[in-house]
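Report on the structure
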Amino acid sequence: MDEPFLIDAVRSPMGRGKAGGALSGLHAVDLLAQTIAGLVARTGIDPGRVDDVVTGCVSQAGEQSGNVGRMAWLAAGLPEHVPAVTVERKCGSSQQAVHFAAQGIMAGAYDLVVVAGVESMSRVPMGAARLGADSAGPSVTERYAPGLVSQGVSAELVAARWKLSRAQLDDYAARSHTRAAEAADSGGFDGEIVPITVGDTVVSADESIRRGTTTEKLAALKPAFTDEAMAARFPEISWSVTAGNSSQITDGASALVLASERTARELGLTPRARFRGFSVCADDPVEMLTAPIPATRRLLDRAGVRVGDVDLYEVNEAFASVPLAWQAAFDADPDRLNVRGGAIALGHPLGASGARLATTLLGALEARGGGLGLQTMCEAGGMANAMLLETV
């Protein structure tokens, strides 16, 4: 079996996912193309040796509908004979792309793979692919009668189940911005960001971080998902989830190069990390956001690792209640959790986030001298991916 190695990882800056955002003037294909081109230039790989481009994207509609990974590769001027596939596992799409690429190397099907992710939420709104239709269908609605709920209500259910107060959620959100600002201001993100050209402007820093965010400022925001019908159905909800303690709608892209040990040696590539394990798991689709917990348990059991053996944790901040519930479930050290902030501060460009988390986790591990990192993401439908990454 060939061992897969992570050779390098980059991401675009994060732009606000609305008209006027720093990246909103750029087609999703060109956003990803510039990110991939930056990765290829930085690694010095021969792009003609790449076996496949495995790309995560959630809203595969409009400008993101035409196998966005393939179009981005062509837009970057890279060799036509290299194929691409675009995969979708909701918020974990590009983390799943990492899993698939690494597993392809392990199976002997790949030698050199580019993994990527993109979401231009300013240009292709979240949910656009549904075309206004019911994507669950009557049988699912009947099974979970009176039906599934929005992710915001699910975030409220998670907060209620783990007895997380509004103050705890807001405190966590403020900490995310503080940690992200500290990382940005100290140059911690410099090694992972590829500058993106939009018209005559070069965007080289995250637009999403709000410096000076405090628990007190966040406390002034109104709950975002209050609903009388949901309040009657779930009387345990205290309505504590706001825009401030939720992930930001964002534009962004990310890209990684993976290689087999044999190919890395042949091409003179220096690996930055190896993979210690993967898992996927699902849980209650109504609570929806709890699956990182069983996915992590499965991952740790398979790898023979305890949570205390892991040096850093990246748990996607879809909502503050998600990493806080995960932390409580494992009695995990908060000083190891999302140490450079997360999606509350950096934003959550859906299809790009999985590879973005891996990029940030890798940089944070290297900054502390190396070690073992765990990454997990909740996903719509009650699913989750989890992965162990170890620096070399």
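First things first, this report covers the structure right here in the doc. Predicted model, so just to flag it, every value in this text is computed and none were measured.

1. Comments concerning the nonpolar core
Core analysis: the biggest nonpolar cluster contains 41 residues, and Leu 289, Val 310, Tyr 313, Trp 326 and Leu 374 have the highest contact counts within it. Here this core gets five residues from one element, more than from any other, and that element is helix α11 (residues 321–330). If we skip the residues at most four places from it in the chain, Tyr 313 touches Val 307, Gly 308, Trp 326, Ala 332, Asp 333, Arg 336, Leu 337, Asn 338 and Leu 374.

2. Looking at the side chain of Ser 154
Residue position: Ser 154 is located in helix α5 (residues 151–161). Its relative accessible area of 0% is what places Ser 154 among the buried residues. From its side chain, Ser 154 meets the backbone oxygen of Val 286 in a polar contact 2.6 Å long. Excluding anything up to four places from it in sequence, Ser 154 contacts Val 149, Val 286, Glu 287, Met 288 and Leu 289.

3. A few points about the packing of helix α10 (residues 292–303) against α11
Interaxial distance between α10 and α11 falls to 10 Å at its minimum, and their mutual angle equals 45°. For the element pair α10 / α11, the angle class is oblique. Two packed elements cross with a definite hand, and for α10 against α11 that hand is right-handed. Along its contact with α10, which presents Pro 292, Ile 293, Thr 296, Arg 297 and Leu 300, the element α11 presents Ala 325, Trp 326, Ala 329 and Phe 330. For the contact of α10 with α11, a count of residues per class yields seven nonpolar, one polar and one charged.

What counts, and at which threshold
Residues numbered from 1 in each chain as written. Predicted model: local features only at pLDDT ≥ 70, side-chain atom pairs only at ≥ 80, totals over all residues. Heavy atoms only, no water. Core = buried A, V, L, I, M, F, W, Y, C linked by side-chain atoms within 4.5 Å. Buried < 20%, exposed > 50% of the residue type's maximum accessible area, 1.4 Å probe, protein only. Helix = DSSP H or I, 4+ residues; strand = E, 2+ residues; numbered from the N terminus. Contact = heavy atoms within 4.5 Å. Polar contact = N/O pair within 3.5 Å; in protein donor to acceptor, adjacent residues only side chain to side chain. Axes fitted to C-alpha atoms, helices over the stretch in contact; angles between N-to-C directions. Parallel < 35°, antiparallel > 145°, perpendicular 65-115°, else oblique. Left-handed = near helix turned anticlockwise from the far one by under 90°. Nonpolar A, V, L, I, M, F, W, Y, C, P; charged D, E, K, R; others polar.

So, to be careful, I would describe these as geometric facts and stop short of saying anything about function.
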